[in-house]
Amino acid sequence: QAIQKGTCPYAASPTVNYTLTVSPAPLMVTAPSPSYPYGTNITTALAATAPTITGWVGSDTSALVSGSPTYTTSATSTSDPNSFTLSVAQGNLAVASNAAANYTLVAPTATYTSGTITITKASQTIGYVAPSSITYGGFPTVTASANSNTTNASSGLSVTATATGALTAQGYSGSTFNFNASGTGAATITLTQVGNTDY
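Definitions and limits used
- What you see as residue numbers is a count from 1 along each chain, following the sequence as written.
- Per-residue local features are limited, in this predicted model, to residues with pLDDT of at least 70; the limit for side-chain atom pairs, both in listing and counting, is 80 or more; totals at the level of whole chains, interfaces and linings are taken over all residues.
- Side-chain measures were taken over the full set of non-hydrogen atoms in the model, leaving aside hydrogen atoms and water.
- Here a helix means four or more residues in a row that DSSP labels H or I, a strand means two or more in a row labelled E, and each is numbered from the N terminus.
- Each radius of gyration reported is based on C-alpha atoms, and the globular scaling rule is 2.2 Å times the count of residues to the power 0.38.
- Per-residue accessibility, obtained with a 1.4 Å probe over protein chains only, is compared with the maximum for each type, and a residue is labelled buried under 20%, exposed over 50%, and partly exposed between these values.
- Note on definitions: a residue-residue contact is assigned when non-hydrogen atoms from the two residues lie within 4.5 Å.
- Only the protein chains shown count as cover for residues, and the accessible areas themselves come from Shrake-Rupley with a 1.4 Å probe.
- We call Phe, Tyr and Trp rings a pair once their centres come within 6.5 Å, taking the six-membered ring for Trp, and we label the pair stacked below 30 degrees between planes, edge-to-face above 60, and tilted otherwise.
- Remark: nonpolar core denotes a set of buried residues (Ala, Val, Leu, Ile, Met, Phe, Trp, Tyr, Cys) joined through side-chain atoms within 4.5 Å.
- Pairing between two strands requires that DSSP report at least two bridges joining them.
- Only the stretch in contact is used when fitting a helix axis, every axis being a line fitted to C-alpha atoms; angles between N-to-C directions are given from 0 to 180 degrees.
- Patches here are clusters of residues that have more than 30% relative accessible area and form no salt bridge, with a 9 Å joining cutoff for like charges and a 5 Å cutoff for nonpolar side chains (Val, Leu, Ile, Met, Phe, Trp, Tyr).
- A side-chain nitrogen of Lys or Arg and a carboxyl oxygen of Asp or Glu constitute a salt bridge if their distance falls within 4 Å.

(A) How the structure looks around the overall build of the protein chain. Assigned secondary structure in the protein chain consists of 1 helix and 17 strands. Its C-alpha atoms give the protein chain a radius of gyration of 34 Å, more than 25% over the compact-globule value 16 Å for 199 residues. Considering only C-alpha atoms, the protein chain reaches an extent of 125 × 30 × 25 Å along its principal axes. The buried share of the protein chain, taken over its 199 residues, is 27%. The long-range fraction of contacts in the protein chain, counting pairs at least 24 apart against all pairs at least 6 apart in sequence, stands at 62%. By element, 53% of the accessible surface of the protein chain is carried by carbon and sulfur atoms, the whole surface being about 12,300 Å².

Shown next, in the form of structure tokens:
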């Protein structure tokens, strides 16, 4: 409201009213940019991942928001290591009732910015079963396994074996490697898995 009382030689002006509308502040929602190893269940992992929400006024924070956004990506648990766009939408995100009138999460007034999912190579392990000592002239075997099953490594990829010292490699059958105790003393058997696109 504008008022001008006036003074000689001017009379008071008419009172002028002006209406100003205060709109809810638009919030900005940004998707995370997580990194997961190959084989990760992407849907499960994202369910525990929150976006970044900015645009708050004063001391207000993201603690006022409940619910979860909707994430969309082409990345899956079988996607080869690479980078993938992670889009985000409102889903059931909502501002607490005591502040709901002050903010909006509705697009396009509110903005939603994509992130990036990075799929990395997964680690793998090689388990084995082998004797700790043998007698000269014996033929020890070493069986490579993963978690006590019959695969060669946790990735399921093949394993190679070499020996140094008092052992001579004699070949292999499946995941079992055969050696000849060609001398006495310490010997070292090395199991190797070189990896591939995903491991």
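(B) Spatial organisation of unusual backbone geometry. The linkage connecting Cys 8 with the following residue, Pro 9, adopts the cis geometry, with an omega of 15 degrees. Within the secondary structure, Pro 9 sits in the segment before strand E1 (25-26). Of note, the amide linkage connecting Ala 107 to Pro 108 takes the cis form, showing an omega dihedral of 5 degrees. Along the chain, Pro 108 falls in the loop between strand E9 (103-104) and strand E10 (111-113).

(C) How the structure looks around the packing of aromatic side chains. For the structure shown, the criterion picks out 2 aromatic pairs. The interplanar angle of 75 degrees and the centroid separation of 5.5 Å between the aromatic rings of Tyr 38 and Tyr 199 together place this pair among those described as edge-to-face. A residue pair is termed long-range when its members are at least 10 positions apart, and Tyr 38 in the loop between strand E3 (35-37) and helix H1 (42-47) and Tyr 199 in the segment after strand E17 (187-192) qualify at 161 residues. The exposure class assigned to Tyr 38 is buried, which follows from its relative accessible area of 19%.

(D) A look at the nonpolar core. If you look at the biggest cluster of nonpolar residues, it comprises 26 residues, and the most contacted ones within it are Val 95 and Ile 117. Contributions of two or more residues to this core are made by H1, strand E7 (82-89) and strand E11 (115-120). Excluding residues within four positions of it along the chain, Val 95 makes contact with Leu 27, Leu 64, Val 65, Ala 100, Tyr 103 and Leu 105. Judged by nonpolar contacts, the second largest core, of 9 residues, contains Val 142, Ala 153, Ala 161 and Phe 177.

(E) Main features of the sheet that holds E11. Strand order across the open sheet formed by 4 strands is E3-E11-E7-E6, with mixed pairing between neighbours. Looking along the sheet, the strands with just one partner apiece sit at the ends: E3 and strand E6 (70-72). Neighbour-to-neighbour, the strand axes of the sheet open up by a mean angle of 30 degrees, direction not taken into account. In terms of strand pairing, E3 meets E11 through 3 bridges, oriented parallel. For Pro 37, the partnering residue across the bridge sits in E11 and is Thr 120.

(F) Spotlight on the environment of Thr 72. Inspection of the secondary structure assignment puts Thr 72 in strand E6. Owing to a relative accessible area of 49%, Thr 72 belongs among the partly exposed residues under this scheme. Non-local contacts of Thr 72, meaning those with residues more than four positions away in its chain, are made with Thr 85, Leu 86 and Ser 87.

(G) The arrangement of a nonpolar patch on the surface in detail. On the surface, Tyr 18, Leu 20 and Val 22 cluster together to form a nonpolar patch covering roughly 440 Å² of accessible area. With respect to the helices, strands and loops of the structure, Val 22 is situated in the segment before E1.

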